[in-house]
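Residue strings, one per chain:
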Amino acid sequence: MFALVDCNSFYASCERVFRPDLAGRPVVVLSNNDGCIVAGSAEAKALGVRTGMPLFEARDLIRKHRVAVFSSNYVLYGDLSRRVMASLATLVPAVEVYSIDEAFLDLSLMRPEELQPLGLALRERVGKWVGVPVCVGVAPTKTLAKLANHAAKTYPQTGGVLVLTDPRWRERLLARTPVSAVWGIGRRLGQRLNDMEIETALDLARADCCLIRKRFSVVQERVVRELNGESCLPLEARQEPRQQIIHSRSFGEPVASLAAVRQAVSDFAARAAESMRAEGLSAGAISVYLRTAPMGKPQQLFPDSARASLSPATVDTRVMVRHAVEMVEALWQAGYRYGKAGVMLTDLGPAGREQVTLFREDDSAEEGKALMQVMDTINRSGKGKVWLAGRGMNQSERCVWAMRRAHLSPAYTTRWADLPRAR
Amino acid sequence: MIALPFFTECVAAGFPSPAQGYMEAPLDLNQLCIGQQEATFLLRVEGDSMLDAGIFPDDILVVDRSLEPSHGDVVVASLNGEFTVKELRLRPQPMLMPRNPRYAAISLSDQEWELFGVVTFSLHAHRSVARSRR
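In this convention, every chain numbers its residues from 1, walking through the sequence in written order. Just so you know, chain letters begin at A and ligand numbers begin at 1, following the order they were written in. In keeping with the predicted nature of the model, local features appear solely for residues at pLDDT of at least 70, side-chain atom pairs appear and are counted solely at 80 or more, and the whole-chain, interface and lining totals rest on all residues. Hydrogens and waters are ignored; side-chain quantities use all the structure's heavy atoms.

Caption draft 1: Molecular detail of the interface of chain A and chain B. Taken together, the contacts link 27 residues of chain A with 33 residues of chain B. When chain A packs against chain B, the two sides together hide about 2,800 Å² of surface, and 57% of this comes from carbon and sulfur. Once two parts are put together, the accessible area they lose, assessed with a 1.4 Å probe and summed over both, is termed the buried area. For the chain A face of the interface with chain B, the top three residues by lost area are A:Trp129, A:Arg421 and A:Arg423, together amounting to 28%. When a carboxyl oxygen of Asp or Glu lies within 4 Å of a side-chain nitrogen of Lys or Arg, that pair is called a salt bridge. Where chain A meets chain B, there are four salt bridges. Here B:Glu82 ties to A:Arg423 by a salt bridge, and the two come within 3.7 Å at their closest N and O atoms. In protein, a polar contact means a hydrogen-donor-capable atom and an acceptor-capable atom, both N or O and within 3.5 Å, with residues adjacent in sequence counting only if both atoms are side-chain atoms; elsewhere, any N or O pair within 3.5 Å suffices. Taken together, the links from chain A to chain B amount to 16 residue pairs in polar contact (both at pLDDT 80 or more). Only heavy atoms matter for contacts: two residues are in contact if any of them lie within 4.5 Å across the pair.

Caption draft 2: Focus on the pairing of strand 1 (residues 40–45) of chain B. Exposure classes here rest on a 1.4 Å probe applied to the protein chains alone. A residue is buried below 20% of its type maximum, exposed above 50%, and partly exposed in between. Secondary structure is summarised from DSSP: a helix means a run of H or I of at least four residues, a strand means a run of E of at least two, and numbering begins at the N terminus for each. Most of strand 1 of chain B is tucked away: five of the six residues are buried. At least two DSSP bridges between two strands are required for those strands to pair. The sheet contact formed by strand 14 (residues 421–422) of chain A and strand 1 of chain B spans two bridges and is parallel. The partner of A:Arg421 across the bridge, within strand 1 of chain B, is B:Arg44. Looking at chain direction, strand 1 of chain B and strand 2 (residues 60–64) of chain B are connected through five bridges and run antiparallel. Considered in strand 2 of chain B, the bridge of B:Arg44 is made with B:Ile60.

Caption draft 3: Expanded view of a nonpolar patch on the surface. All names here are of chain B. On the surface, Leu 29, Leu 32, Phe 121 and Leu 123 cluster together into a nonpolar patch covering about 390 Å² of accessible area. Put simply, the parts of the chain that give the nonpolar patch at least two residues each are helix 1 (29–33) and strand 7 (113–123). Under the relative-accessibility criterion, Leu 29 is labelled exposed at 62%. The patch calculation keeps residues exceeding 30% relative accessible area without a salt bridge and links them within 9 Å when they carry like charges or within 5 Å when they are nonpolar (Val, Leu, Ile, Met, Phe, Trp, Tyr). Method for areas: the Shrake-Rupley scheme with a 1.4 Å probe, in which residue coverage is limited to the protein chains shown.

Caption draft 4: How the structure looks around the packing of helix 1 (residues 10–17) of chain A against helix 4 (residues 74–89) of chain A. Residues and elements named next belong to chain A. To get an axis, a line is fitted to the C-alpha atoms, and for a helix only the part in contact is used. The angle between two axes follows their N-to-C directions and goes from 0 to 180 degrees. Two elements in contact, helix 1 and helix 4, have axes whose closest approach is 10 Å; the angle formed by their N-to-C orientations is 95°. One element, helix 1, and the other, helix 4, form an angle in the roughly perpendicular class. Across the interface between the two elements, Phe 10, Tyr 11, Cys 14, Glu 15 and Val 17 of helix 1 pack against Tyr 74, Leu 76, Tyr 77, Leu 80 and Ser 81 of helix 4. Here the residues of the contact of helix 1 with helix 4 are counted per class, giving eight nonpolar, one polar and one charged. Every angle not falling under 35 degrees, over 145, or within 65 to 115 is termed oblique; those three ranges are roughly parallel, roughly antiparallel and roughly perpendicular. Note that Gly is not counted as nonpolar here; it falls among the polar residues with everything else outside the nonpolar set of Ala, Val, Leu, Ile, Met, Phe, Trp, Tyr, Cys and Pro and the charged set of Asp, Glu, Lys and Arg.

Caption draft 5: Broad picture of the packing of aromatic side chains. Centre distance within 6.5 Å is the pairing criterion for rings of Phe, Tyr and Trp, where only the six-membered ring of Trp is used; planes under 30 degrees apart are then read as stacked, over 60 as edge-to-face, and the remainder as tilted. The final tally for this structure, using the stated rule, is 13 aromatic pairs over all chains. With a centroid separation of 5.5 Å and an interplanar angle of 80°, the aromatic rings of A:Tyr98 and A:Trp183 are classed as edge-to-face. With A:Tyr98 in strand 5 (residues 95–99) and A:Trp183 in the loop between helix 7 (167–175) and helix 8 (186–195), the pair connects residues that are 85 residues apart, well separated along the chain. A connected cluster of aromatic rings, assembled from ring pairs, spans A:Phe18, A:Tyr412, B:Phe41, B:Phe83 and B:Phe116.

Caption draft 6: Representation of the pairing of strand 5 of chain A in the model. Residues and elements named next belong to chain A. Across four bridges, the pairing between strand 5 and strand 6 (residues 102–106) is antiparallel. Bridge pairing in strand 6 places Ser 99 opposite Glu 102. Two successive antiparallel strands, strand 5 and strand 6, enclose a turn made up of two residues.

Caption draft 7: Quick look at the sheet that holds strand 3 (residues 37–40) of chain A. All names here are of chain A. With mixed pairing, the three strands of this open sheet are ordered in space as 3-2-4. Of all strands in the sheet, those with a lone pairing partner are strand 3 and strand 4 (68–71), marking the two edges. Sheet twist, expressed as the mean angle between neighbouring strand axes with direction ignored, is 25°. Alignment of strand 2 (residues 27–30) against strand 3, held across three bridges, turns out to be antiparallel. Residue pairing in the sheet places Val 28 in a bridge with Gly 40 of strand 3.

Caption draft 8: Up close: the side chain of A:Lys142. All names here are of chain A. You can see Lys 142 is positioned in helix 6 (residues 142–154). With relative accessibility at 3%, the residue Lys 142 sits in the buried group. A polar contact of 2.9 Å, which involves the side chain of Lys 142, links it to the backbone oxygen of Pro 234. When neighbours within four sequence positions are excluded, Lys 142 is seen to be in contact with Phe 2, Glu 96, Phe 104, Trp 183, Glu 226, Leu 233, Pro 234, Leu 235 and Glu 236.

Laid out in structure tokens, this is it:
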């Protein structure tokens, strides 16, 4: 038996936790660069605000209904997400963090009569402990748990918790679910299934497994089996070790100067290196990519990315920035306006794995390690910051490429200066 | 290429520390102040309504949302769209009591309010020591 716990309008709910004045008021959260709406509270959705809507289209609605607008604050959402997952883990033995606001839980040890009370307890716990409302769907398979969760959100009479174990109820729910809404199907596959006269999830559940496998693949066959209550997808609670660390951003406005892009990429490389060191890792390779932005629409240029291997693996920001800047200069094509850049660190492993050579010529690696430690200590102390000059010296210089986040809320839970206030 | 012998053992010089084998982890303030980590939030105090409870402006409150509030607890509640820190009285009627004679008690029976969490510690700096600046 599985549960899917999904936070209601997660980003908007996070913005409300430390803003009691926003209770009941419509809230929307904007994408990186404040371009369009990526999340809205139930009140905002009721006003007709849709995910993906450009901000300027929603302007009138926002003004008329006093909608609270926020830039995305991933620092806050990340911390509250961690708390949601940890709170769930106090009630069940295994949690699979499926996304920032969703988790699958293993309920195989529960007796059937315990499922409904547990669902309510999970909802209660996260709401009380973290302040974020969630809905819970419980079913014998992950695919059905996902559907049960959707129904729990859609139908208020469920009270936010739906245990879908009765086959008659399951059938009724499947019959009113369009096939494209099934987890793992989506719009395009849904279209092809519609052509085969499979319109609802129930049609798909009754379809011939072998035929589905032949026409599509074993993945869709599994969906059919899961819809019939046969569990094919186990809980994946073990976190895979980090494969890469990415730092990428859209620029605040299109950038046509090499110097500014160089600066941006130096900054991204330094930030990626910082979070890598915080996890005790070192990188064996670094990649850089650039995207152009003519008229606001990204257009691909080739080649748009490059990779350099770092040997031996390193923790040194200076080495990474040097490689990153070299790659930017090689990729750069004059006459284009760039809209986005990214840095990716790969071949990650525990720092210190890089083998010492007994008779190495220089001590630069050791020196680098020590220097980085000093830099990180200073930067974490909160007393001031040190950085490589290549990242740019001041705010006015950086604002050319820095992300637009005009409506950013405080990092209430992770910065001393941003703590919420009580009178 | 010359092969050199390489010994991985350490060579002990001097007398071993008499404390060896008696080591314990250093004391951790988080362990003392934070019960349910995922439900604990820190807030900054504004104003002087709780002076007599030893809570001063700029102090940091450790608030545990997992606890059930009881009569006499110091709590953070949201009232009129703001967080407020007060003493919770459940008898004879639910109210929020300031701990400063210059402030009036707030009755909870006739207005909308919500509990944010129970205050377990308040941290008051007697002399600022770096890191946790404002």
